[in-house]
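Residue-level structural notes
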Amino acid sequence: MRYRELGKTGLKVSEIGLGAEWLERHNAEEVKAVIDCCEAQGINILDCFMPEPKVRSDLGEALCGQRDRMLIQGHFRTIWKDGQYTRTLDIDEVKRSFDDLLSRLKTDHIEFGMLHMIDNEHDFHAVFDGPILAYAQELKQQGVIKCIGVSTHHSGIALEMAQSGVLDCMML
């Protein structure tokens with residue numbers, strides 16, 4: 001496996017990572033097998049944007065004993081509501097979901113705190129000028145997250161966010 005430094009994080013990540021969304025359809029044993037296979041192949045980055053409680057818990061179990069070898073990318077703004085994934089700008093919901101992520105993953109920190117799916121000007125300003133970015137910065141200062149990143153599907157918004165100077169990495 002080859003590794004590269006990710007953005008301004010100072011962390012070396014495998015060129016191939018595990019996007020764990022599809023694990024929602026699998027049982028705990030299969031999730032564990034995937035995590036073990038990834039580790040055996042040198043994959044060291046796990047993207048966990050999904051808020052579905054069972055998959056978060058299954059990942060937490062699968063990572064037991066391996067947590068220090070996996071860099072976790074968790075997302076702010078993703079919540080589980082009425083039995084499904086959705087996004088929010090409500091800071092109380094963001095905090096509850098992030099606390100749930102840490103609890104279910106059985107960890108007190110993650111490496112990458114991602115501001116999730118900032119795809120329009122409204123969300124950009126609501127997050128960057130509001131309490132969500134401030135919360136992420138507070139967690140970074142406390143060591144609960146090592147780096148602040150963002151995910152987006154919009155190149156123009158990506159440029160604005162990159163120019164803000166507050167991000168360590170970006171997923172576009």
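Here, every reference points to the structure presented above.
Along the backbone of the chain there are six helices and ten strands. What you see for the chain is a C-alpha radius of gyration of 15 Å, in line with the 16 Å of a compact globule of 172 residues. Each principal axis of the C-alpha distribution contributes one length, and for the chain these read about 40 × 40 × 30 Å. Out of the 172 residues in the chain, the part that is buried amounts to 49%. A sequence separation of at least 24 residues applies to 70% of the contacts in the chain between residues at least 6 apart. Accessible surface computed for the chain: about 8400 Å², of which carbon and sulfur atoms make up 50%.

Now for the environment of I148. Mapped onto the secondary structure, I148 falls in strand β9 (residues 145-151). I148 sits in the buried class, given a relative accessible area of 1%. Sequence-wise, I148 and D168 are 20 residues apart; in three dimensions their C-alpha atoms are separated by 5.4 Å. Leave out the neighbours within four places in its chain, and I148 touches G113, L115, L133, A136, Q137, K140, V166, L167, D168 and C169.

Attention now goes to the nonpolar core. The nonpolar side chains of soluble globular proteins are, as a tendency, buried together. Counting 42 residues, the largest nonpolar core has L59, F76, F98 and L115 as the members making the most contacts within it. When residues no more than four places from it in sequence are discounted, the contact partners of F76 are V94, F98, G113, M114, L115, H116, I132, Y135, A136, L139 and I145. Core analysis: the next-biggest nonpolar cluster, separate from the first, contains eight residues, L11, I45, L71 and C169 among them.

Okay, the packing of aromatic side chains next. Two aromatic rings, taken as a pair, are described by how far apart their centres are and by the angle between their planes. All chains considered together, the criterion is met by five aromatic pairs. Ring geometry for F76 versus F98: centroids 4.8 Å apart, planes at 25°, classification stacked. Of the two residues, F76 sits in strand β5 (residues 71-76) while F98 sits in helix α3 (residues 91-105), which places them 22 residues apart along the sequence. Under the relative-accessibility criterion, F98 is labelled buried at 2%. One aromatic cluster is present, built from ring pairs that chain together F76, F98 and Y135.

This part covers the pairing of strand β7 (residues 84-87). Along a regular strand, successive side chains alternate from one face of the sheet to the other. Pairing of strand β6 (residues 78-81) with β7 involves four bridges; the strand directions are antiparallel. Residue pairing for β7: W80 is matched across the bridge by Y85. In this antiparallel pair of consecutive strands, β6 and β7, the connection spans two residues, and D82 shows a positive phi of 55°.

What follows is about the pairing of strand β4 (residues 45-48). The side-chain alternation of β4 yields two buried faces, one formed by I45 and D47 and the other by L46 and C48. Bridge count for strand β3 (residues 18-19) against β4 is two bridges, and the pairing is parallel. Each bridged residue has a counterpart across the sheet, and for L18 the counterpart in β4 is L46. Considered for its hand, the β-α-β crossover made up of β3, helix α1 (residues 28-40) and β4 is right-handed. In this sheet, β5 lies alongside β4 in parallel orientation, the contact comprising four bridges. Bridging across to β5, C48 finds its partner in G74. Of the crossover connections in this fold, the one passing from β4 over helix α2 (residues 53-63) to the parallel β5 is right-handed.

What counts, and at which threshold
Residues numbered from 1 in each chain as written. Predicted model: local features only at pLDDT ≥ 70, side-chain atom pairs only at ≥ 80, totals over all residues. Heavy atoms only, no water. Helix = DSSP H or I, 4+ residues; strand = E, 2+ residues; numbered from the N terminus. Rg over C-alpha atoms; globule rule 2.2 N^0.38 Å. Buried < 20%, exposed > 50% of the residue type's maximum accessible area, 1.4 Å probe, protein only. Contact = heavy atoms within 4.5 Å. Areas by Shrake-Rupley, 256 points an atom, 1.4 Å probe, with all protein chains shown as cover. Core = buried A, V, L, I, M, F, W, Y, C linked by side-chain atoms within 4.5 Å. Phe/Tyr/Trp six-rings, centres within 6.5 Å; stacked < 30°, edge-to-face > 60°. Pairing = 2+ DSSP bridges. Right-handed = clockwise from strand over helix to strand, strands pointing away.

In short, the description is geometric, and any link to function would need to be established separately.
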